[in-house]
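Examination of the molecular architecture
So you can see what is in the structure, the chains are spelled out below.
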Amino acid sequence: MAALPLAGYVEQLPSLHHVALPAQPTAALEAMLSEGLPALRLTAIRRLRHRADRVARLLASALIVAAARRLGLPFGSQDVRYPPKAAPHWPDGPRLSVSHCAEHVVLLVGATAVGVDIETPGSACMADLRHVLRPGALEGIGVSGPDPTEIWMQIEAAVKTGSEGIAAASELVFEDVRTARLRGQRIYLHPVRCTARLTCWCAMTVPWAEDPIRVYPYTAEDLAGLLASPTDRRIPGHEGRP
């Protein structure tokens, strides 16, 4: 596949795309969001027991379509791949990172390595941090009583820049509240407010600009309608392992 013309879109990146999860997702919404999803990806999603979990993953795939259209980036049905237990991968395209909690799904799109995490407020405690971090990893933050959920989101976002799991957090060290190092790589962290009460953390391996990120909100109905439109109906996917 020829490289996508990313140079013309760098000024629009990174961008954060987010959608609220319906409190009670319906079978009809799940069916609409499943339209055009590659068979193996859909099979993997259907293995999930709870509809909310299935809809969250379907919305994440739909956000990729929305982001591609918003940025004017071309894509085909096989351009984006969904490796097992890893972030969606767009060969020769922008870098992608996805996260979801009980309330929201977020997608961070960047020209270089990115990571994003969103959590329900109060979902992490200091014991969780001690379990994944090495002693002294938080000394650079230099504040008393850091919010464990905020720190957890920073950890998750940071390790995702290297497409690694949470086990990599044992090698993460914070230099200050916005900067960390992972195996010699400096990672720059930035909080982004999705709603009045919900913030996610984003990470990149290059410094953030002064006006660092564009935020695009959607509703589940927006995304279902987008998939039903006649142009680029199929969600980008990959007919490989789910």
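Structure's up top.
To keep things clear, this report deals only with the structure shown in the data block. (Residues numbered from 1 in each chain as written. Predicted model: local features only at pLDDT ≥ 70, side-chain atom pairs only at ≥ 80, totals over all residues. Heavy atoms only, no water.)

With that out of the way, let us pick up the overall build of the protein. Helices and strands together make up the secondary structure of the protein, namely six helices and nine strands. Relative to its full complement of 242 residues, the protein shows a buried share of 49%. Residue pairs in contact within the protein that sit at least 24 positions apart in sequence constitute 63% of those at least 6 positions apart. By element, 52% of the accessible surface of the protein is carried by carbon and sulfur atoms, the whole surface being about 11,400 Å². (Helix = DSSP H or I, 4+ residues; strand = E, 2+ residues; numbered from the N terminus. Buried < 20%, exposed > 50% of the residue type's maximum accessible area, 1.4 Å probe, protein only. Contact = heavy atoms within 4.5 Å. Areas by Shrake-Rupley, 256 points an atom, 1.4 Å probe, with all protein chains shown as cover.)

Packing of helix α2 (residues 39-46) against helix α3 (residues 51-71) leaves a shortest axis separation of 9 Å and a crossing angle of 150°. Considering their axes alone, α2 and α3 lie roughly antiparallel with respect to each other. Along the contact surface, α2 presents R41, L42, I45 and R46, while α3 presents R54, R57, L58 and S61. The residue makeup of the contact of α2 with α3, split by class, is three nonpolar, one polar and four charged. (Axes fitted to C-alpha atoms, helices over the stretch in contact; angles between N-to-C directions. Parallel < 35°, antiparallel > 145°, perpendicular 65-115°, else oblique. Nonpolar A, V, L, I, M, F, W, Y, C, P; charged D, E, K, R; others polar.)

Glancing now at the layout of surface pockets. Where empty space is left becomes clear once a probe the size of a water molecule has been rolled over the atoms. If you add up the space inside the largest pocket, you get close to 1,000 Å³. Considering the residues around the largest pocket, the lining is formed by 35 residues, among which K85, A86, A87, P88 and V98 are closest to the centre. For the lining of the largest pocket, the secondary structure elements donating two or more residues are α2, α3, β2 (95-100), β4 (114-118) and α5 (148-160). It is β2 that contributes the most residues to the lining of the largest pocket, six residues altogether. (1 Å grid on protein atoms, 1.4 Å probe; cavity = no way out; pocket = protein on both sides within 12 Å on 5 of 7 lines; lining within 4 Å. Points joined across faces, edges and corners; volume = space filled by probe spheres on them.)

Glancing now at the sheet that holds strand β3 (residues 104-110). Across a sheet, paired strands are connected by hydrogen bonds in the backbone, their directions being either parallel or antiparallel. Here four strands make up an open sheet; going across it, the order is β2-β3-β1-β9 and the pairing mixed. Where the open sheet ends on each side, the last strands, each with one partner, are β2 and β9 (214-218). The mean angle between the axes of side-by-side strands here comes to 15°, regardless of whether they run parallel or antiparallel. Of the strand pairs in this sheet, β2 and β3 are connected by six bridges, and their pairing is antiparallel. Its bridge partner lying in β3, S99 is registered against V106. (Pairing = 2+ DSSP bridges.)

The biggest cluster of nonpolar side chains holds 37 residues, and the ones touching the most others in it are L33, L59, V105, L107 and L223. Listed by contribution, the elements that provide at least two residues to this core are α1 (27-33), α2, α3, β2, β3, β9 and α6 (220-228). By size, the runner-up hydrophobic cluster in this structure holds 23 residues, among which are V132, I155, A158 and A168. (Core = buried A, V, L, I, M, F, W, Y, C linked by side-chain atoms within 4.5 Å.)

This part covers the pattern of salt bridges. Here the structure, examined in full by the defined rule, presents seven salt bridges. For R197, the salt bridge goes to E103, with nearest N and O atoms at 3.1 Å. Of this pair, R197 sits in the loop between β7 (185-193) and β8 (199-204) while E103 sits in the loop between β2 and β3; the two residues are 94 residues apart in sequence, bridging distant segments of the chain. According to the relative accessible area criterion, R197 is exposed, its value standing at 55%. Looking at E103, the relative accessible area reads 26%, which means it is partly exposed. R186 is the salt-bridge partner of E175, the closest N and O atoms lying 3.2 Å from each other. Of the two residues, E175 sits in strand β5 (residues 172-176) while R186 sits in strand β7, which places them 11 residues apart along the sequence. E175 sits in the partly exposed class, given a relative accessible area of 31%. (Salt bridge = Lys/Arg side-chain N within 4 Å of Asp/Glu carboxyl O.)

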